[in-house]
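Each chain, letter by letter, is given below.
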Amino acid sequence: MDNKNYQIKIRIMRLKTLLLLISLILVNTLFVAGQTITIDDCQKKAEANYPAIARYDIIEKTKEFNIANANKGYLPQVTLSARGTWQSDVTSIDFNMPGLEIPTIDQDQYRFVVELNQVIWDGGRVSAQKKSMQANAELERKQLDNEIYTLRERVNNLYFGILLMKEQLNQLEIREKELQRNFNNIQVYAQNGLANETDLNVVRLEQLKTDQQRINLESNLDAYIQMLSVLIGEELNSDLVFAKPNPESTLILPVINRPELKMFEAQEHAIESQKSLLNAKIKPTIGAFAQSGYGKPGLNMFDNEFTPYFLGGVSVSWNFSNLYTLKADRKKIDLQKLAINSQRDTFLQNLNIVIPQQQIEIEKFRKIMQDDDEIIRLQTQIRETAEIKVENGTMTVSDLIKEINAEEAVKQAKILHEIQFLMSVYSLKYTINQN
């Protein structure tokens, strides 16, 4: 008896385990199928997945290395040199005096020198170089910002394309059910002598055309989803819920905040930093030096033996040749800044032309959508009346199909208007860079 109860308990536990596994699988399936993604999610993921994003770290590290190298200009500079020469003639003194012997310098001479130079004041060269490096690194970052920003437009086009095709597929599903309902009705009419095989073929033809439309849409939808998957670096599928944005919750103000404006500003700073370099080049440099050597001769030129020696001091150097081109170089910098200002003004003018057009486009679709529901309601009534007429034998099935197609057209028009409205809103958001 105990063994039988034990076996029953084992079976119950196995059944519970099996039911639990089935429940987990069902919950997981429902969860995956019900997952939702938004256009903002896609834009963030596309930016994070963009290969060029790694360049931010490269730009920063390169800047740090360049500045570190520039700072080493303040460190003592050590040089080692060695030289051996043979001279065709040497200094000699033609002077004879009894009891006085003037040594003769050897024609072969040798020198091994270690020299240390320390900058005391460089006229601001290193400081100007570091400012220029920082400005150029910032310009590279802003250029990369601008490159990555263009991803938003690509994401918008793909996302709204997916929304449009999903809505069209939903509408086609309704159309297929509608056609099947009419096909079933006409079969009944044919049995009662109110329709014939040709009428059934007319409806069947529309069903086949609708099926082809669905296949085409599904294929395009898969292609768009695959492209978006590659862009965001995440596997997507057609079962995923693509949330429709709610533009009414976003107040769009025509305030331009495009990354190109910051890029133009960074270009100006990079060019302006060149003036500091020009100013530093026309200033003198002051340094200290020390030199230790071993040579023949040493500091005493009449000593023909190898001897060590040492000397040190302060040096000043001033290269006046940079003054020759200073005025022209400054004018070139001013011209470059003018060119950037011209590019900025052109960019803003183009945006100021586009923004009013996009605002008008938004209002146009907003007004069009106000009548879509009423148009659909009226066309649906016409189609329902046509069905009654076909049932009464006062209208042909071909005419009914025309009304069904007309109803489908206005429904598709509504879907298109809604997506076009959303696209217009997000186009304006892209133009002014509003998150």
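What counts, and where the lines are drawn
- Residues numbered from 1 in each chain as written.
- Predicted model: local features only at pLDDT ≥ 70, side-chain atom pairs only at ≥ 80, totals over all residues.
- Heavy atoms only, no water.
- Patch = residues over 30% accessible without salt bridge, like charges linked within 9 Å, V, L, I, M, F, W, Y side chains within 5 Å.
- Areas by Shrake-Rupley, 256 points an atom, 1.4 Å probe, with all protein chains shown as cover.
- Salt bridge = Lys/Arg side-chain N within 4 Å of Asp/Glu carboxyl O.
- Helix = DSSP H or I, 4+ residues; strand = E, 2+ residues; numbered from the N terminus.
- Pairing = 2+ DSSP bridges.
- Axes fitted to C-alpha atoms, helices over the stretch in contact; angles between N-to-C directions.
- Core = buried A, V, L, I, M, F, W, Y, C linked by side-chain atoms within 4.5 Å.
- Buried < 20%, exposed > 50% of the residue type's maximum accessible area, 1.4 Å probe, protein only.
- Contact = heavy atoms within 4.5 Å.
- Phe/Tyr/Trp six-rings, centres within 6.5 Å; stacked < 30°, edge-to-face > 60°.
- Lys NZ or Arg CZ within 6 Å of the ring centre and 35° of its normal.
- Expected span 1.5 Å × (residues − 1).
- Parallel < 35°, antiparallel > 145°, perpendicular 65-115°, else oblique.
- Left-handed = near helix turned anticlockwise from the far one by under 90°.
- Arc of directions from axis to C-beta.
- pLDDT = per-residue confidence, 0-100.

Moving on, we get to a nonpolar patch on the surface. A contiguous nonpolar surface patch, about 480 Å² in accessible area, is contributed by Ile120, Trp121, Ile286, Val314 and Val316. With respect to the helices and strands, the residue Val316 is situated in strand 6 (residues 307-317).

What the four strands build is an open sheet, ordered 2-3-5-6; its pairing is antiparallel. Looking at strand neighbours, the two that pair on one side only are strand 2 (77-86) and strand 6, the edges of this open sheet. Adjacent strand axes in the sheet meet at a mean angle of 20° when their direction is disregarded. Where strand 2 lies against strand 3 (residues 108-121), 10 bridges are found, and the strand directions are antiparallel. Considered in strand 3, the bridge of Arg83 is made with Arg111.

Membership of the largest hydrophobic core comes to 41 residues, with the highest contact counts inside it found for Leu228, Leu236 and Phe242. For this core, the secondary-structure elements that each account for two or more residues are helix 2 (39-49), helix 4 (125-149), helix 5 (151-191), helix 6 (197-232), helix 8 (322-392) and helix 9 (397-432). Counting residues per element, this core draws most heavily on helix 5, which supplies 11 residues. In this structure Leu228 touches Cys42, Val155, Leu158, Tyr159, Ile162, Leu236 and Phe242, once residues within four positions along its chain are discounted.

According to the stated counting rule, one finds eight aromatic pairs in the structure shown. For the pair Tyr159 and Phe242, a centre-to-centre distance of 5.7 Å together with 65° between the ring planes defines the contact as edge-to-face. One end of the pair, Tyr159, is in helix 5; the other, Phe242, is in strand 4 (residues 241-242), with 83 residues separating them in the sequence. A single burial state applies to Tyr159 and to Phe242, both of which are buried. Between the aromatic rings of Trp318 and Phe320, the centroid separation amounts to 4.9 Å while the plane-to-plane angle is 20°, which identifies the pairing as stacked. Classification of Trp318 by relative accessible area gives partly exposed; the value is 45%. Here the aromatic cluster, defined as three or more aromatic residues joined through ring pairs, consists of Tyr159, Phe160, Phe242 and Tyr426. A cation over a ring is seen here: Arg258 above Tyr430, with NZ or CZ 5.0 Å from the ring centre. Its guanidinium or amino end placed over the ring of Phe365, Lys364 lies 4.6 Å from that ring's centre, counting from NZ or CZ.

Between its first and last C-alpha, helix 9 extends 52 Å over 36 residues, near the 52 Å set by a 1.5 Å rise per residue. Taken from the residues just after helix 9, Asn433 is the one with a positive phi, measuring 60°.

This part covers the packing of helix 5 against helix 9. Between helix 5 and helix 9, whose axes approach to 10 Å, the crossing angle comes to 165°. Taken as axis vectors, helix 5 and helix 9 run roughly antiparallel relative to one another. Crossing angle aside, the handedness with which helix 5 passes helix 9 is right-handed.

Moving on, we come to the environment of Val425. Counting through the fold element by element, Val425 comes out in helix 9. On the accessibility criterion, Val425 (4% relative accessible area) is buried. Expressed as a C-alpha distance, the spacing of Val425 and Pro247, which sit 178 residues apart in the sequence, is 6.9 Å.

Structurally, the position occupied by Glu387 is in helix 8. Relative accessible area serves as the criterion here: at 13%, Glu387 is assigned to the buried category. In this structure Glu387 touches Glu178, Arg181, Asn182, Tyr189 and Leu400, once residues within four positions along its chain are discounted.

By the definition in use, this model includes 33 salt bridges. The closest approach of N and O atoms between Asp57 and Lys61, which form a salt bridge, is 3.3 Å. You can see Asp57 and its partner Lys61 sitting in helix 3 (residues 55-71), four residues apart, about one turn around the helix. Here Asp334 ties to Lys275 by a salt bridge, and the two come within 3.3 Å at their closest N and O atoms. With Asp334 in helix 8 and Lys275 in helix 7 (residues 259-281), the pair connects residues that are 59 residues apart, well separated along the chain. Shared partners join several salt bridges into a network, and the residues in it are Glu178, Arg181, Arg383, Glu387, Glu407 and Lys411.

In this section: helix 2. Of all the positions in helix 2, only Ile39, Cys42, Gln43 and Ala46 are classed as buried. On an axial view of helix 2, the arc spanned by its buried residues comes to 100°, and they lie on one face. What points out from helix 2, more than 90 degrees from its buried face, is the exposed set Lys44 and Ala48. Each element contacted by the buried residues of helix 2 is listed here: strand 1 (36-37), helix 5, helix 6 and helix 9.

Overall, the predicted model of the chain reaches an average pLDDT of 86, with 89% of residues at or above 70. The secondary-structure element of the chain with the lowest mean pLDDT is helix 1 (residues 2-33), recorded at 47, while helix 6 shows the highest, at 94. Overall, residues 18-33 carries pLDDT values under 50, and its contacts beyond four positions in sequence, including any with other chains, amount to two contacts.

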